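Structural characterization, general
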Amino acid sequence: MSRTVLAAALLACLPAAAAAQQRPLVTEDPETIGAGRVLLEAGLDYGRGVEYPVSGLTGQLLRVPLVGISVGISSIAELQFDGGFYNRLTITDRNPAAPLASLVTATGDSTSSVEDLVVATKVRVLAETGHRPALGLRFATRLPNASNESGIGLDTTDFTGSLLVAKTVRSVRTVFNGGFGILGDPVVGNRQSDVITYGMSLARALTQAAEIVGEVNGRWETREDEPTRPDNTRSAVRLGARYTVGGWRGDAAVLVGLTSRDPGIGFAAGFTYVFSAFRIP
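Below, the structure is looked at part by part. Note that this is a predicted model, so its numbers are computed, not measured. (Residues numbered from 1 in each chain as written. Predicted model: local features only at pLDDT ≥ 70, side-chain atom pairs only at ≥ 80, totals over all residues. Heavy atoms only, no water.)

Some points on the side chain of Gln60
Within the secondary structure layout, Gln60 lies in strand β2 (residues 57–72). One polar contact links the side chain of Gln60 to the main-chain amide nitrogen of Gly49, over a distance of 2.9 Å. Among all residues touching Gln60, those that are not within four sequence positions of it are Tyr46, Gly47, Arg48, Gly49, Arg88, Leu89, Thr90 and Thr92. (Helix = DSSP H or I, 4+ residues; strand = E, 2+ residues; numbered from the N terminus. Polar contact = N/O pair within 3.5 Å; in protein donor to acceptor, adjacent residues only side chain to side chain. Contact = heavy atoms within 4.5 Å.)

Below, the structure is given as structure tokens:
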């Protein structure tokens, strides 16, 4: 009983916006950061054995810095902007028979480009109570900023919609995402890919400041008999930790891919800062 009371007290002392901070996880929490608040995050990740089956490139991928900005436009809604300035792929293999291999202009042992920008809206539909989980919705559009000439981008626009569910029991927060994605086809312009997206994460508070976290997150191609894009099915596991001091939080994680298209192994690290920026009238 004493441990249960202590865990509840520690969770009550955490910053109000802590539940909405995502890094180093990808699975989205339905809690928002709050009206008039801004969340800034930055970091990097590195993966070995990353495949780009459309361009035919395989190699080690470094993405730095990855930048995210979330703006609380009300007590239940926020706008999110996520992208990056520099992706560098050290090429270890090429497949000249890949669909868009002929468009790749990189002739050396490396290529680079920017990260695609993702613009999203997240809305908390129901707040969490003692007997009910929090529910939310998130709609996101990925814009084609990375070029297919680099071999890293696809020059397609993708849309996803997800249902977000979360519940805290004692010192453990469980989050589930489930939804769909409509992905543009870079090879045939009049086709699209329909995928199912999913994610489940766990975050356990060890102290008032420290957490250990883990997730499985990915997407599944619904047309396995005739997939429109060879990289549609993806899945990965992340295991890591977070440490919060005031409005700052540092994070680090290890990434393990579950499909041949995902990195064999990788890592991520970064930080998050949340602050009050303006007042909502």
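A word on unusual backbone geometry
Residue Pro24 is reached from Arg23 by a cis peptide bond, and omega for that bond is 0 degrees. Residue position: Pro24 is located in the loop between α1 (2–13) and β1 (37–52). Of the consecutive residues Val64 and Pro65, the connecting peptide bond is found in the cis state with omega at -15 degrees. Within the element layout of this structure, Pro65 appears in strand β2. Notably, Asp155 is not glycine yet its phi reads approximately 55 degrees, a positive angle. Relative to the elements of secondary structure, Asp155 occurs in the loop between β5 (134–142) and β6 (158–169). A relative accessible area of 39% means that Asp155 is categorised as partly exposed. (Buried < 20%, exposed > 50% of the residue type's maximum accessible area, 1.4 Å probe, protein only.)

What to know about the nonpolar core
Of all hydrophobic cores here, the largest spans nine residues; its members are Val50, Tyr52, Leu57, Leu61, Leu89, Ile91, Val104, Ala106 and Ile152. In this structure Val104 touches Ser55, Leu57, Arg94, Asn148, Glu149, Ser150 and Gly151, once residues within four positions along its chain are discounted. (Core = buried A, V, L, I, M, F, W, Y, C linked by side-chain atoms within 4.5 Å.)

Re the environment of Ala98
With respect to the helices and strands, the residue Ala98 is situated in the loop between β3 (77–94) and β4 (110–126). Note on Ala98: relative accessible area 9%, which makes it buried. With residues up to four places along the chain from it excluded, the contact list for Ala98 reads Pro53, Val54, Ser55 and Gly56.

Some points on the pattern of salt bridges
Pairing between side chains becomes possible if they bear opposite charge and their charged atoms approach one another. The full count for this structure, using the stated rule, is 14 salt bridges. The partner of Asp262 in a salt bridge is Arg234, and the shortest N-O contact between them spans 3.7 Å. Of this pair, Asp262 sits in the loop between β11 (248–257) and β12 (265–276) while Arg234 sits in strand β10 (residues 234–245); the two residues are 28 residues apart in sequence, bridging distant segments of the chain. Residue classification places Arg234 among the buried residues on the basis of a relative accessible area of 19%. Residues joined by salt bridges that share partners form a network here, namely Asp29, Glu128, Lys167 and Arg173. (Salt bridge = Lys/Arg side-chain N within 4 Å of Asp/Glu carboxyl O.)

Let's talk about the pairing of β12
Of the pairings in the sheet, the one linking β1 to β12 comprises 12 bridges and is antiparallel in character. Directly across from Arg48, in β12, lies its bridge partner Ile265. In this structure, β11 lies alongside β12, joined through eight bridges in antiparallel fashion. Bridged to Asp251 within β12 is Gly270. (Pairing = 2+ DSSP bridges.)

Function cannot be read off these values alone, since they describe shape.
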